[in-house]
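Analysis of the macromolecular model
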Amino acid sequence: MQFQELLDEQALEFDDIRWYRAEQIAEEFITLSDQRMDLTRRIWSGEVERRLRSLGEDFVPEIQEQFERGLLDESDLHRLVAEIAAAKRRRNRAGEGS
């Protein structure tokens, strides 16, 4: 099974993956908002910049590799596709475009 094929079947594009990943990072920052020093350290160290730079490029290959290594199964792949599709719907409802 190929993760990219599942994405293609649902008409999910690279931009949809980037939006999904951006949501994940935003949620992490919200969680860290009460831990100012940790968030500051992540920004200062360049960790945030690196993560933002590769927001989606590495995601599909990483997921495929985890699947091939047995760290994820088919249900995990389908769950991720569903989450990405849901993020796309949220973005479209919010008027951010496609």
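Definitions and limits used
Residues numbered from 1 in each chain as written. Predicted model: local features only at pLDDT ≥ 70, side-chain atom pairs only at ≥ 80, totals over all residues. Heavy atoms only, no water. Helix = DSSP H or I, 4+ residues; strand = E, 2+ residues; numbered from the N terminus. Buried < 20%, exposed > 50% of the residue type's maximum accessible area, 1.4 Å probe, protein only. Contact = heavy atoms within 4.5 Å. Areas by Shrake-Rupley, 256 points an atom, 1.4 Å probe, with all protein chains shown as cover. Lys, Arg positive; Asp, Glu negative; His and termini not counted. Charge placed at Lys NZ, Arg CZ, Asp CG, Glu CD. pLDDT = per-residue confidence, 0-100. Salt bridge = Lys/Arg side-chain N within 4 Å of Asp/Glu carboxyl O.

As for the overall build of the chain
When helices and strands are counted, the chain shows six helices and zero strands. Dimensions of the chain along its principal axes, counting C-alpha atoms only, are 40 × 35 × 20 Å. Taken across its 98 residues, the chain has 33% of its residues classed as buried. Nonlocal contacts in the chain, meaning residues at least 24 apart in sequence, comprise 72% of its contacts between residues at least 6 apart. Accessible surface, the chain: about 6,600 Å² in total, of which carbon and sulfur atoms supply 50%. Distance between charge centroids for the chain: 6 Å, based on 15 positive and 23 negative side chains.

Some points on the confidence of the model for the chain
Caution applies to low-pLDDT parts of the model: their predicted coordinates are not meant to be read in detail. This prediction gives the chain a mean pLDDT of 90; 97% of its residues lie at or above 70. Confidence, expressed as mean pLDDT per element, reaches its minimum in the chain at helix 4 (residues 47-53) with 84 and its maximum at helix 6 (residues 74-93) with 97.

Notes on the pattern of salt bridges
Inspection of every chain in the model, using the stated rule, returns 11 salt bridges. Between Arg51 and Glu28 there is a salt bridge, with its nearest N and O atoms 2.9 Å apart. Within this pair, whereas Arg51 is found in helix 4, its partner Glu28 is found in helix 2 (residues 14-32), the two being separated by 23 residues in sequence. On the basis of relative accessible area, Glu28 is assigned to the partly exposed category, the value being 22%.

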